[in-house]
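Close look at the chain arrangement
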Amino acid sequence: MARCDEMREGEVYYCEHCGLEIEVLEECVHEEGEEAEEVCRIEGFVCCGEPLTLRED
Ligand SMILES: [Zn+2]
C-alpha cells in the first residue's frame, strides 16, 4: 500500500499488473496542525484496481 504520508523521496512504486513505475521526487508535506492520518486517509495510489507496490532493491 502506498499512502502519501508514508512515501519517501527516492522510493519507487510499481504496478504488478501493467508495469507502471513512479518515483517519489518530493515528499508529502502538511500544514501545522493537520493530522496526516486525517488528510492521508485515502488508501493510496491505485493502478489497475490494486495499490502500487514499493520496489525494494
Ligand atoms: Zn497498472
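An account of the accompanying structure is given in this report.

Procedures and definitions
- Residues numbered from 1 in each chain as written.
- Predicted model: local features only at pLDDT ≥ 70, side-chain atom pairs only at ≥ 80, totals over all residues.
- Heavy atoms only, no water.
- Helix = DSSP H or I, 4+ residues; strand = E, 2+ residues; numbered from the N terminus.
- Contact = heavy atoms within 4.5 Å.
- Donors = N, O, S within 2.8 Å, 3.2 Å for Na, K, Ca; no water.
- Tetrahedral: all angles 85-135°; square planar, octahedral: opposite > 155°, others 65-115°.
- Pairing = 2+ DSSP bridges.
- Axes fitted to C-alpha atoms, helices over the stretch in contact; angles between N-to-C directions.
- Core = buried A, V, L, I, M, F, W, Y, C linked by side-chain atoms within 4.5 Å.
- Buried < 20%, exposed > 50% of the residue type's maximum accessible area, 1.4 Å probe, protein only.

Another aspect to go through is the environment of threonine 53. Mapped onto the secondary structure, threonine 53 falls in strand E5 (residues 53–55). Those residues in contact with threonine 53, other than ones at most four positions away along the chain, are Val12, Tyr13, Tyr14 and Glu16.

The next thing to look at is the coordination of the zinc ion. Protein ligation of the zinc ion involves Cys15 (SG), Cys18 (SG), Cys47 (SG) and Cys48 (SG), the donor distances falling in the range 2.3 to 2.4 Å. Note that the zinc ion binds 4 donor atoms; their angles at the metal cover 104 to 118°, and the shape is tetrahedral. The sequence pattern formed by the donor residues of the zinc ion is C-x2-C-x28-C-C. Of this pair, cysteine 18 sits in the loop between strand E1 (12–14) and strand E2 (21–23) while cysteine 48 sits in the loop between strand E3 (46–47) and strand E4 (50–51), placing them 30 residues apart in sequence.

Our next topic: the sheet that holds E5. Note on sheets: strands pair through backbone hydrogen bonds, and any given pair is parallel or antiparallel. Overall, antiparallel pairing links the 3 strands, which are arranged E2-E1-E5 in an open sheet. At either margin of the open sheet sits one strand with a lone partner, and together these are E2 and E5. Strand after strand, the sheet turns through a mean of 35° between neighbouring axes, direction not considered.

All right, on to the environment of leucine 52 then. Among the secondary structure elements, leucine 52 is positioned in the loop between E4 and E5. Note: C-alpha distance between leucine 52 and tyrosine 14 (38 residues apart in sequence) is 5.3 Å.

Moving on: the nonpolar core. Counting residues in each nonpolar core, the largest one holds 6 residues, listed as Met7, Tyr13, Cys15, Val24, Cys47 and Leu52. Contacts of cysteine 47, omitting those with residues within four sequence positions, involve Cys15, Cys18, Leu20 and Leu52.

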